[in-house]
Amino acid sequence: MIAPLDPAIVAWVSANVIPYEAELRQRLRRLCGSDAEVDDLVQDVYFRILKMDTVQHVLEPKAFLMQVAKNILVDRFRREAIVHIEAVASLEALDVADPGPSPERVALARAELKWVLGLVANLPERCRRVFSARKIDGLSQQETAQRLAISENVVEKEMMRGLKLVAEMVARVGVEGGAAAGQAELARRAPRKHNV
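Just so we're clear, the structure is a prediction, and the values are computed from it rather than from any experiment.

Criteria and thresholds
Residues numbered from 1 in each chain as written. Predicted model: local features only at pLDDT ≥ 70, side-chain atom pairs only at ≥ 80, totals over all residues. Heavy atoms only, no water. Phe/Tyr/Trp six-rings, centres within 6.5 Å; stacked < 30°, edge-to-face > 60°. Helix = DSSP H or I, 4+ residues; strand = E, 2+ residues; numbered from the N terminus. Buried < 20%, exposed > 50% of the residue type's maximum accessible area, 1.4 Å probe, protein only. Expected span 1.5 Å × (residues − 1). Arc of directions from axis to C-beta. Contact = heavy atoms within 4.5 Å. Axes fitted to C-alpha atoms, helices over the stretch in contact; angles between N-to-C directions. Parallel < 35°, antiparallel > 145°, perpendicular 65-115°, else oblique. pLDDT = per-residue confidence, 0-100. Core = buried A, V, L, I, M, F, W, Y, C linked by side-chain atoms within 4.5 Å. Salt bridge = Lys/Arg side-chain N within 4 Å of Asp/Glu carboxyl O.

On to the packing of aromatic side chains. Within a pair of aromatic rings, the relevant descriptors are the distance that separates the centres and the angle that separates the planes. Applying the stated criterion to the full structure yields 1 aromatic pair. When the ring of W12 is compared with that of F64, the centres are 6.4 Å apart and the planes differ by 75°; the resulting orientation is edge-to-face. Here the residue W12 occupies a position in helix α1 (residues 7–16), and F64 occupies one in helix α4 (residues 61–79), the gap between them amounting to 52 residues. Judged by relative accessible area, which is 15%, W12 ranks as buried.

The subject of this paragraph is helix α3 (residues 35–50). Its 16 residues give α3 an end-to-end C-alpha distance of 22 Å, which sits within 8% of 22 Å, the value for a rise of 1.5 Å per residue. Listing the buried residues of α3 in full gives V38, L41, V42, V45, Y46, I49 and L50. One side of α3 carries all its buried residues, which in axial view fall inside an arc of 165°. Lining the buried residues of α3 we find α1, α2 (21–29) and α4.

Below, the discussion takes up the environment of V170. Positionally, V170 belongs in helix α9 (residues 152–173). Along the primary structure V170 and L119 are separated by 51 residues, whereas in three dimensions their C-alpha atoms are 8.3 Å apart.

Two elements in contact, helix α7 (residues 125–136) and α9, have axes separated by 8 Å at closest approach and are oriented at 95°. Between α7 and α9, the crossing angle belongs to the class labelled roughly perpendicular. For the pair formed by α7 and α9, the contact residues are R126, C127, V130, F131, R134 and K135 on the first element and V154, V155, E158, M159, R161, G162, L163 and V166 on the second.

With 76% of its residues at a pLDDT of at least 70, the protein chain reaches an overall mean of 79. The secondary structure element of the protein chain with the lowest average pLDDT is helix α10 (residues 175–189), at 49, and the one with the highest is helix α8 (residues 141–148), at 93. In the predicted structure, residues 182–196 sits below a pLDDT of 50 and forms 7 contacts with residues beyond four places in sequence or in another chain.

This brings us to the nonpolar core. In this structure, W12, V13, V17, L24, L28, V45 and I49 are the most contacted members of the largest nonpolar core, which totals 24 residues. Looking at this core, the elements with two or more residues in it are α1, α2, α3 and α4. Counting residues in each nonpolar core, the second largest holds 13 residues, with L123, C127, A145 and V155 among its members.

Let us now look at the side chain of E158. Mapped onto the elements, E158 comes out in helix α9. Aside from chain neighbours lying at most four places away, what touches E158 is R126, C127 and V130.

On to the pattern of salt bridges. Applying the stated rule across the entire model yields 9 salt bridges. Across the pair R147 and D137 runs a salt bridge whose closest N-O atoms are separated by 2.9 Å. In this pair, R147 sits in helix α8 while D137 sits in the loop between α7 and α8, placing the two residues 10 residues apart along the sequence. Between E158 and R161 there is a salt bridge, with the nearest N and O atoms lying 3.3 Å from each other. With E158 and R161 both in helix α9 and 3 residues apart, this pair spans about one turn of that helix. Here the salt bridges do not stand alone but share partners, grouping E21, R25 and D39 into one network.

Spelled out as structure tokens, the structure:
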């Protein structure tokens, strides 16, 4: 006897998987010999997803759907006595590009942020506090004035002063120089490869 389906997973499949079924079928047609085989694979994909205990770990439903289909195809290839090399090579049709930034881009962005925060840290204290409240914390001019117990006029003047000082520091070092410093920091932290 088959266990009843979890209504939450059924709802998740309806909202997050069914919208990509047409694309899945299109990709599977390149890999399968017939429409009946595509139908069987799609049914297997739905069955495998619907019998899962949870789908909370799924961040990218489209990529997850394609990976489940790919896994089912790989399982089928393993069971078959003869597998056509073209079929294995065509599995790439089910790959979905990662929508997030690359690890290198994340590391570079962190290095650039560290550099910018270093510039802000070099501002005079009141100027730094105003600049941080406005540009980092996202407070309005009035909220900054209330938080720091100063007038809005002082907030405006300190912001102008902070922008001018940051611009001067960037002009001295240059954006590329700051980014290069960030890249140098990344290179310094990268594991070294030793020739054996």
